[in-house]
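# Coordinates in review
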Amino acid sequence: MTMHEMLRVMIVDDEPKVREGLKTIIKWSEYGYSICGECADGIEGLEMIKKLEPDLVLVDIKMPEMNGLEFIEAARQNGISSRFIILTGYSDFAYTKKAIQLSVDSYLLKPVDEEELIQNLIQIREEILKDREIRKSLNDAQKITRDSMVRSVMKDDSGRLAAEWDGKIPGMSGSRSFQVALVQFAEDSAVYGSDAVIRETDALLFGSSKNDSFVIDMDGKMCIVFADSDIDRSGRLLKEAADYLCSRGLTPAITALGRKADGIAGIGRSYADAVRLTDKRFYFGSSALLNWDELKDDSIFRDDCEADKAGNDIDIGKITEGLYVAAEVMNTGRIRELASEICRALRDSKYSELRIKGFCTNLLNAVYEKAMHRYPALSGKLPSYDERVAGIYDQPDICRLEEYIARQLEALSGIISAVDPQSVIKKIIRYIDENYQQDLTLEKLGGLFGYNSCYLGKVIKQYTGCNFNTYLENVRIDHAKELLLRGCKAGEAALRTGFRNIDYFYYKFKKNVGLSTSEFKKENSTG
């Protein structure tokens, strides 16, 4: 017989020799019992019985502070269902009558007859085990009915069943509020054997609980129903469940906790919250626990026109250029900053998961194509189109999608550096040469390439022999000359080369070329 099958016995007697004798005259384990505690009076015994909840208590009648009968009566008033054997040196009929009223199992006179005690122990054990079997059969049938009714309430959006069955679902009449958690497992978890795992998790979390909390399977997800719980207790139990499930090879991908709501109808409302959270899990990153009370005001759950506006504000051309430049000059900080900005804007847009992944696929491909156009030597060195697409669509949430994009572009940056180990300053000068028409400043270039603007100004001067503004104006004037020779008017040439002030353009052109724009056109005219 294993210790797991042992019934627990507590001894309450004010005489130490009696307590010691009771522990030694009977070979308790041979009869399916183990001693779980002992004490010397009824007051101490009452605290101990509430804590240990033994199956059987051997108790003396005559004790200081609180006698044995008062102790048994107080235990009954506290809902203790333990069985009792009275051991006493007094054969007073009044004591016997009171013991019968308190449903005491046996009334034995001291000194205790060993055989008589053993016969009582055997009989009481048989009765306890038989009673447990009956209760288990009743409980199993009750649980099947309860689980079926609760699933129906959860799926009934109208609330009709909750109203009709309020107070009628077996085992759920004593709780005022409920809170539902859904556990969805990762795809790489072991196979979810629902029946066994549900039973074991229920026993782990609520095995000794007397409230209406329980665990059921709901469409392939583990559903945990907390009765009259608070967020600290619910959070602690969910952590215990996650640890246990991981030990079974079942990794919870996400646990969603709905609101705490009143009555049977509250189960349906809390379950609906948890479903909404699991449906939106892609937008919340890799959080282990999603709590409705913390996330209900998130913009992802609001129905408004801001989504379309956020989506329309995303300029893929501008983003592509920024990511490409950051990758080309190995500015990993800027790569991650831009990846974060993109994913945040996509989340705010409330685009579907597939639409977001499609956008990111197009974005990454655009950056790769730009890089391959610039560096033909990259051919064959980059992931294929199919590999890039698969990588993006494999990401389970937006945070890991952001990380994937950043890592891909950091890898691209390293490959570009390997095929073209050109100095960063040459890339910066080339960027100025190609983007002269934009509103360029040292501060903007510094942010783009990851350099302090003062330091960048010194490096540009050392490389070109003139300061940044002079170099930029020279580039702009050279392009303006080409436009003038192709027949552009001076004002148009000024605007197309980045000059915002026409008079300033005339001034810089004459100073740089030595001729006015009209003189320059006349002197270089082929006619």
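Residues numbered from 1 in each chain as written. Predicted model: local features only at pLDDT ≥ 70, side-chain atom pairs only at ≥ 80, totals over all residues. Heavy atoms only, no water.

## Quick look at the nonpolar core
- Met154, Ile356, Leu412 and Ile432 are the most contacted members of the largest nonpolar core, which totals 86 residues.
- Beyond its immediate chain neighbours, meaning those up to four positions away, Leu412 contacts Ala327, Val367, Tyr368, Ala371, Leu378 and Leu382. (Core = buried A, V, L, I, M, F, W, Y, C linked by side-chain atoms within 4.5 Å. Buried < 20%, exposed > 50% of the residue type's maximum accessible area, 1.4 Å probe, protein only. Contact = heavy atoms within 4.5 Å.)

## Considerations on the state of the cysteines
- Enumeration according to the criterion identifies zero disulfides in this entry.
- Counting only cysteine sulfurs, Cys343 is the nearest neighbor of Cys360, a cysteine outside any disulfide, at a range of 5.1 Å.
- Accessibility expressed as a relative area gives 1% for Cys360, which makes it buried.
- Of all cysteine sulfurs, the one in Cys466 lies closest to Cys454, which takes part in no disulfide; the gap is 17 Å.
- Of the residues examined, Cys454 reaches a relative accessible area of 55% and is grouped as exposed. (Disulfide = S-S within 2.5 Å.)

## Looking at the pattern of salt bridges
- Under the criterion given, the structure shown has 29 salt bridges.
- Between Glu38 and Arg19 there is a salt bridge, with the nearest N and O atoms lying 3.0 Å from each other. Here the residue Glu38 occupies a position in strand 2 (residues 33-39), and Arg19 occupies one in helix 1 (residues 16-25), the gap between them amounting to 19 residues. (Salt bridge = Lys/Arg side-chain N within 4 Å of Asp/Glu carboxyl O. Helix = DSSP H or I, 4+ residues; strand = E, 2+ residues; numbered from the N terminus.)

## Observations concerning helix 2 (residues 42-52)
- Taken together, the buried positions of helix 2 are Gly42, Gly45, Leu46, Met48 and Ile49.
- Looking at the buried positions of helix 2, the neighbouring elements they touch are strand 1 (7-12), strand 2, strand 3 (56-60), helix 3 (68-77) and strand 4 (83-88).
- Its side-chain oxygen 3.0 Å from the backbone nitrogen of Ile43, Asp41 forms the N-cap of helix 2. (Polar contact = N/O pair within 3.5 Å; in protein donor to acceptor, adjacent residues only side chain to side chain.)

## Considering the packing of helix 17 (residues 424-434) against helix 20 (residues 468-485)
- Packing of helix 17 against helix 20 leaves a shortest axis separation of 9 Å and a crossing angle of 45 degrees. In terms of orientation, helix 17 and helix 20 fall into the oblique class. Seen from above, helix 17 lies across helix 20 with right-handed handedness. Two secondary-structure elements touch here, helix 17 through Ile429, Ile432 and Asp433 and helix 20 through Phe468, Tyr471, Leu472, Val475 and His479.
- Looking at the contact of helix 17 with helix 20 residue by residue, the classes come out as six nonpolar, one polar and one charged. (Axes fitted to C-alpha atoms, helices over the stretch in contact; angles between N-to-C directions. Parallel < 35°, antiparallel > 145°, perpendicular 65-115°, else oblique. Left-handed = near helix turned anticlockwise from the far one by under 90°. Nonpolar A, V, L, I, M, F, W, Y, C, P; charged D, E, K, R; others polar.)

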